[in-house]
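Take a look at the letters that make up each chain.
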Amino acid sequence: MACKQWNQRATEKTINWGSHQNPPDLSYNTWKLVRFSEIPGDKVNWYFFPDQCRHCMSPPCKEVADGKAKGAITQDEKTGAVVFNPKMKIKPADFKEIREACPYDIPRFLPSTGIMAKCTMCFDRTKEGMLPACVKTCPTGAMNFGDRKDILEKANKRLEEVKNVYKDAILANPDDVRIIYLLVDDPKKYHKFAVAENTIGITRKMALKRLLQPLSSLNRLIG
Amino acid sequence: MTNHYIDFRNADVILNMGGNVAENHPVSFKWVQAARDKGAILIHVDPRFTRTSTKADIFVRLRSGTDIAFLGGMIKYILDNNLHDEFYVKNYTNASFIVNPKYSFDDGLFSGYDPTKRAYDGSTWALEKDENGIPKRDMTLQDPRCAFQLLKKHYSRYTLQKVTEITGTPEDDLVKVYKAYGSTGAPDKAGTELYAMGWTQHTVGVQNIRAMSIIQSLLGNMGIAGGGINALRGESNVQGSTDAGLLFHIWPAYLPTPQAHLATLADYNKTTPASKDPRSVNWWKNRPKYLASFLKSTFGGKATKENDFGYSWMPKLDTGQDASWLNLFDEMYKGTFTGFFAWGMNPACSSAHAGKVRQALAKLDWMVNVNVFDSETGSFWKGPGVDPKKIKTEVFELPCAASMEKEGSISNSGRWMQWRYKASNPPGEAKPDGDIMYELFKKLQALYEKDKGTFPEPILNLKWDYETNGHFDIHKVAKEINGYDLTTGKLLPNFVSLKDDGTTSCGNWLYSGSYTEAGNMAARRKKTDPTGLGLYPEWSWCWPLNRRIIYNRASVDLDGNPRDSKRALLKWDASGKRWIGDVPDNAVPPMGTDGAYPFIMKPDGVASVFGPGLKDGPFPEHYEPLECPIEKNLMSNQRINPVVKIFEGGLDTFKTCDPKYPFVCSTYRVTEHWQTGVLTRWLPWLIEAEPQMFCEMSLELAKLKEIKNGDRVVVETPRGKVEAVAIATSRLKPFRIAGQTVHQIGIPWHFGWLHPKDGGDSANLLTPTIGDPNTMIPESKAFMANVSKLTKKQPAKKG
């Protein structure tokens, strides 16, 4: 909601489809969504996954865009935010490739205008020293934002604490992304795309390209 | 609350029962989490697995309406296993007090019951006093007539087996909770309980909370950091509204509303609580000072000693009259009222048996609807099935400012009065409530001046000078609430200065000290915390006297030393002859062997294990809800609370143990909406998140009724029916009650027909007109309903 308010995204028309998860999916207007996952059993589990763009260190979406529609996706040097150009029209076929390149299935598109949209890491706020809208709003401290080094330290410390109770707890792809989730159970129980599988969306050509591309210096991170 | 929100972080064990803290008080969960980060455990007891349950270390299920059975079992477990805090029980409670020999309890009824009146004569519940009027005690707690032994006897009936049969909670789960919570009986352990409507909205609502008060008294958790009885109030300023006396039975600051037979001030003051015990502070003995000062605030210079300070101008209740909500709307339905102010409320959706209310509104000549948005109440005349041509009620809609468009204070659940500033102007013609009230009454006074009218004195003599430069000035009201020394014109420092001779005025004695010569205490925002316990004594102001944890002298031993060094709330400094820490309750020396008891607001000065002051008994007893799934109460032959008022006939139907309504139904909230949704349903982003009325049910029940997740269903009771979307979930499971399978369903009460058009209507169309005998709070949390698949075709439209 804070995301929608800050970014002035339109409301989706929703219905209750038998779940508290609404809107049902990310979209051109919905950039952050809590996914509800109920695990039935004697001991019920209910997981919440606040899905959003991971702002990858080396974003595959950008790699595709650089080849097909240069300028459609940029990466802010200061913050590392991966940003979709809100003014650039993309061909549907190119969008399909961009979306499929994303291991987390994040990119969304408005066919009538050809514009792509997703979480911006609120770089317009962070570059002014403010917290991203969602982080600022959360009253319980579920989200933390700051320098990558500090956040990784915090994340690992918390992981060790949590492992005392949840033996299988992990951090989701901490080396590859700037939005790091701490998960206490099998990632699949949270969401199909909670963690990246090595082969999803990355062609061999791309994988090779990645190996040869130098990593840019990366400072900022969301945890 | 006896404690406050931040104090949750001081607990070792947090019990959230009768509430759903993470979803409905999300910001406060920060403090629950802070406790857990220090190793505390959270126990959640609820019919449903909710977002709170995901964070609970122990989650157990119970059937709606069986909390006393559950807690009764806990009392038995605590006593059987000697988990109670013996020192505390002996010294700070009335466990040692001897009870009248005529007191008895048999088969669900306490002594003194009159079945024709459906009421108790409570005289046999009295505590024995000696020739000096001091309660007789047995400090060894062995006398069979002492409260402790009677408590033990009463709850010996709440065996694990019995409790399981009633609640549906497996025995292992009961023991898990009892053991974990019972561990806080140790003097260096603190247990807190957080509750909300899940406990209050029952025909045994008050006794639910009483049961927990007994537990907290046994475990020594009252008056300590990380302890207490903590109501999570359902509205951001409902604490302020009850403090201000908005309920029919109280004047501001909990002075009882007089009944007609108390014709003079002297008559009223004769009912002031009294105690002959020199060790009981009995603070309420000061009531005449607060009453006189309140009347001076009300009538100003017109109130004199000669005219009883205007006491005869104040409205009174008829002797025995109960003007609570259910009775009020029953009268409205009967056509008793000409007009009605629906001020910041939406009774067409918030009232139990909302359908009766909607019909009642049509009986009015006029109604004034003051709200931020239009509502089902303001627009009742064009509601579903209503023909506007047949409605004679004239409705006036007065738009008012939202909370950030006006200045003033809000009192949170923890009694903290926090001043808020105006952030933006209200739109169009909308005005703050204070301005509307102020101007309205000025007009009324002018009309009475001109046209006289019947009994004009209360109107014309009312002190009504809260303006600056012709505009309503809320600071003037706040100052009057604090009170003045009328001889000097100065603001009073606190209520200790109040007098009964007409030389002081004070709108609300509890709030005296909130706006003094030093300034607006409620507006303070200092983050200093000298004790480190999260008291933040200079952040805002709390009543009484900025005392953050009440009854805090129960946290020390007889010499005034903290019994728990980790939570040193108060400590007596013998050399300085003062208490260090929180504001002491109250500023008398340590109890020692002949000093004052700590529970200063109670006539006997101690916490009540035996509580003779309620209408339905001195000990909580399990009774089934009015509508329940089993024919017989397993505890006794009294199926329901023997003193509840039953509305007879007409629209007030109810059905119990009826195969047409086989499922236990409860009502609750979601984080995304608030109350009747009168404010939240107009916000597109909130509707996007929770767009429609839903009905949660177990996977087993869904299968039984051939309902698929996402199907449209109808939920029905004898009072009405509501359409909803089925959410079939593993978070609800069937209960095993007295050998039968009992299903439970649940619905939110956030929706109304006005907007959005496809959102659904109010859950309160289903709830029964029956309430707790002490408060008349409706039993919205446990009634019987049916749910079935909606047969007509609905256009399928997935998001």
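Refer to the structure printed above.
Predicted model only: the values in this text are computed from it and were never measured.

Each helix and strand in chain A was counted, giving 8 helices and 10 strands. Burial analysis of chain A (223 residues in total) assigns 48% to the buried set. Contacts in chain A between residues at least 24 apart in sequence constitute 55% of all its contacts with a sequence separation of at least 6.

All names here are of chain B. In spatial order, the strands read S20-S19-S21; together these 3 strands make up an open sheet with antiparallel pairing. With one partner strand each, in any of the chains shown, strand S20 (490-491) and strand S21 (504-505) form the two edges of the open sheet. The pairing of strand S19 (residues 484-485) with S21 spans 2 bridges and is classified as antiparallel. If you follow Tyr484 over to S21, its bridge partner there is Ser505.

Residues and elements named next belong to chain A. Of note, Tyr190 is situated in helix H7 (residues 187-190). For Tyr190, a relative accessible area of 9% gives the class buried. A C-alpha to C-alpha distance of 27 Å links Tyr190 and Trp6, two positions 184 residues apart in sequence. Look past the residues within four positions of Tyr190 in its chain and what remains in contact with it is Ser37, Tyr47, Phe48, Phe49, Leu183, Val184 and Asp185. A polar side-chain atom of Tyr190 sits 2.9 Å from the main-chain amide nitrogen of Val184.

Below, the discussion takes up the pairing of strand S1 (residues 33-39) of chain A. Residue and element names in this part refer to chain A. Along S1, 5 of the 7 residues are buried, which leaves the element largely enclosed by surrounding structure. Here S1 pairs with strand S2 (residues 45-51) via 7 bridges, running antiparallel. Residue pairing across strands places Ile39 opposite Asn45, the latter belonging to S2. Here S1 folds back onto S2 in antiparallel fashion, the turn holding 5 residues, of which Gly41 has a positive phi close to 150 degrees.

A word on the interface of chain A and chain B. A common measure of how large an interface is: the accessible area buried when the components associate. Between chain A and chain B, the contact holds 31 residues from the first and 36 residues from the second. For the pair chain A and chain B, the summed buried area comes to about 2,800 Å², and 59% of that belongs to carbon and sulfur atoms. Three residues, Asn16, His20 and Trp46 of chain A, lead the burial of chain A against chain B; their summed loss comes to 22% of the area buried on that side. Applying the counting criterion to the chain A and chain B interface returns 3 salt bridges. Put simply, Glu688 of chain B and Lys4 of chain A hold a salt bridge, and the shortest N to O gap is 2.6 Å. In this structure, the connection of chain A to chain B is made through 12 residue pairs in polar contact (both at pLDDT 80 or more). When contributions to the side of chain A that touches chain B are tallied by element, the ones reaching two or more residues are helix H1 (2-7), S1 and S2 of chain A. For the side of chain A that touches chain B, the per-class residue count stands at 12 nonpolar, 12 polar and 7 charged.

This part covers helix H18 (residues 474-482) of chain B. Here H18 of chain B has its buried residues at Ala478, Glu480 and Asn482 of chain B. On its buried face, H18 of chain B sits against helix H12 (287-299), strand S16 (416-420), S19, S20, S21 and strand S22 (515-516) of chain B.

Moving on to the nonpolar core. Residues and elements named next belong to chain B. Phe70 and Met74 are the most contacted members of the largest nonpolar core, which has 71 residues in total. Not counting the four nearest positions on each side in its chain, Met74 is found in contact with Leu15, Val177, Tyr178, Tyr181 and Ile215. In this structure, Ala292, Ala478, Leu510 and Tyr515 belong to the second largest nonpolar core, which totals 38 residues.

Of the positions making up helix H5 (residues 147-155) of chain B, those classed as buried are Ala147, Phe148, Leu150, Leu151, His154 and Tyr155 of chain B. One side of H5 of chain B carries all its buried residues, which in axial view fall inside an arc of 165 degrees.

This part covers the sheet that holds strand S2 (residues 41-45) of chain B. Residue and element names in this part refer to chain B. If you walk across this open sheet you meet the 5 strands as S3-S2-S1-S8-S9, and the pairing is parallel. In this open sheet, the two edge strands, each paired with only one partner strand, are strand S3 (58-60) and strand S9 (229-231). This sheet shows a mean twist of 15 degrees between the axes of neighbouring strands, independent of strand direction. Running over the sheet, helix H7 (residues 171-182) touches strand S1 (13-17), S2, S3 and strand S8 (191-195) and is turned about 135 degrees from S3. Its contacts with the sheet place helix H9 (residues 205-218) against S1, S8 and S9, and it is angled at close to 170 degrees to S8.

Turning next to a nonpolar patch on the surface. On the surface, Phe341, Trp366, Phe396 and Leu440 of chain B cluster together into a nonpolar patch covering about 340 Å² of accessible area. Of note, Phe396 of chain B is situated in strand S14 (residues 394-399).

Residues and elements named next belong to chain B. On inspection of all chains with the given rule, the structure shows 47 aromatic pairs over all chains. Aromatic pair Trp251 and Tyr268: ring centres 6.2 Å apart, planes at 10 degrees, arrangement stacked. Linking Trp251 in strand S10 (residues 250-251) with Tyr268 in helix H11 (residues 265-270), this pair joins segments that are 17 residues apart in sequence. On the basis of relative accessibility, which here comes to 6%, the residue Trp251 falls in the buried class. In this structure Tyr268 comes out as buried when scored by relative accessible area, which is 2%. Taken together, the aromatic side chains of Tyr103, Phe105, Phe110, Tyr113, Tyr120, Trp125, Tyr155, Tyr158, Phe610 and Phe619 make up a single cluster linked through ring pairs. Its end group placed over the ring of Tyr311, Lys316 keeps NZ or CZ at 4.4 Å from the ring centre. Positioned over the ring face of Phe647 is Lys356, at 5.1 Å from the centre of the ring.

Attention now moves to the packing of helix H6 (residues 160-167) of chain B against H7 of chain B. Helix packing geometry: the angle between the two helix axes and the distance between the axes. Residue and element names in this part refer to chain B. The geometry of H6 relative to H7 is characterised by a closest axis approach of 9 Å and an angle of 110 degrees between their N-to-C directions. In terms of orientation, H6 lies roughly perpendicular with respect to H7. Of the two possible hands of crossing, H6 and H7 adopt the one that is right-handed. On H7, the residues that touch Leu160, Gln161, Val163 and Thr164 of H6 are Glu171, Leu174, Val175 and Tyr178. The residue inventory of the contact of H6 with H7, partitioned by class, reads 5 nonpolar, 2 polar and 1 charged.

Residues and elements named next belong to chain B. Where helix H3 (residues 67-80) meets H7, the closest approach of the two axes is 10 Å, and the angle between their N-to-C directions is 60 degrees. Judged on the interaxial angle alone, H7 and H3 are oblique. Between H3 and H7 the crossing geometry is right-handed. In contact with Ala69, Phe70, Gly73, Met74, Tyr77 and Ile78 of H3, H7 contributes Leu174, Val175, Val177, Tyr178, Lys179, Tyr181 and Gly182. Taken together, the residues that form the contact of H3 with H7 break down as 10 nonpolar, 2 polar and 1 charged.

All right, on to the pairing of strand S26 (residues 578-581) of chain B then. Where strand S25 (residues 570-573) of chain B and S26 of chain B come together, 4 bridges link them in antiparallel fashion. Residue pairing across strands places Trp572 of chain B opposite Trp579 of chain B, the latter belonging to S26 of chain B.

Okay, the pattern of salt bridges next. The final tally for this structure, using the stated rule, is 53 salt bridges over all chains. Connected through salt bridges with shared partners, the residues Asp25, Arg35, Asp51, Arg54, Arg99, Asp105 and Arg108 of chain A form a single ionic network.

The subject of this paragraph is the environment of Asp604 of chain B. Residue and element names in this part refer to chain B. As for its placement among the helices and strands, Asp604 is situated in the loop between S26 and strand S27 (663-668). For Asp604, a relative accessible area of 17% corresponds to the buried category. Along the primary structure Asp604 and Trp284 are separated by 320 residues, whereas in three dimensions their C-alpha atoms are 11 Å apart. Residues within four places of Asp604 in sequence aside, it is in contact with Phe97, Leu127, Lys129, Pro135, Ser280 and Tyr597.

Residue and element names in this part refer to chain B. For Asn786, the location among the structural elements is in strand S34 (residues 783-789). Within the structure, the side chain of Asn786 is placed 3.3 Å from the side chain of Lys705, a separation counted as a polar contact. When neighbours within four sequence positions are excluded, Asn786 is seen to be in contact with Lys660, Tyr661, Pro662, Phe663, Lys705, Val714, Val715 and Glu716.

With the exception of glycine, the majority of residues adopt a negative phi angle, and the majority of peptide bonds are in the trans configuration. With an omega of -5 degrees, the peptide bond running from Asn22 of chain A to Pro23 of chain A counts as cis. On the secondary structure map, Pro23 of chain A appears in the loop between H1 and S1. Here Asp585 of chain B and Asn586 of chain B are connected by a cis peptide whose omega angle stands at 0 degrees. You can see Asn586 of chain B is positioned in the loop between S26 and S27. One non-glycine residue, Leu545 of chain B, lies in positive phi territory at about 60 degrees. Tracing the sequence through the fold places Leu545 of chain B in the loop between strand S24 (541-542) and S25.

Rules and cut-offs
- Residues numbered from 1 in each chain as written.
- Chains lettered and ligands numbered in written order.
- Predicted model: local features only at pLDDT ≥ 70, side-chain atom pairs only at ≥ 80, totals over all residues.
- Heavy atoms only, no water.
- Helix = DSSP H or I, 4+ residues; strand = E, 2+ residues; numbered from the N terminus.
- Buried < 20%, exposed > 50% of the residue type's maximum accessible area, 1.4 Å probe, protein only.
- Contact = heavy atoms within 4.5 Å.
- Pairing = 2+ DSSP bridges.
- Polar contact = N/O pair within 3.5 Å; in protein donor to acceptor, adjacent residues only side chain to side chain.
- Buried area = accessible area lost by both parts, 1.4 Å probe.
- Salt bridge = Lys/Arg side-chain N within 4 Å of Asp/Glu carboxyl O.
- Nonpolar A, V, L, I, M, F, W, Y, C, P; charged D, E, K, R; others polar.
- Core = buried A, V, L, I, M, F, W, Y, C linked by side-chain atoms within 4.5 Å.
- Arc of directions from axis to C-beta.
- Axes fitted to C-alpha atoms, helices over the stretch in contact; angles between N-to-C directions.
- Patch = residues over 30% accessible without salt bridge, like charges linked within 9 Å, V, L, I, M, F, W, Y side chains within 5 Å.
- Areas by Shrake-Rupley, 256 points an atom, 1.4 Å probe, with all protein chains shown as cover.
- Phe/Tyr/Trp six-rings, centres within 6.5 Å; stacked < 30°, edge-to-face > 60°.
- Lys NZ or Arg CZ within 6 Å of the ring centre and 35° of its normal.
- Parallel < 35°, antiparallel > 145°, perpendicular 65-115°, else oblique.
- Left-handed = near helix turned anticlockwise from the far one by under 90°.

Geometric values such as these leave the question of function open.
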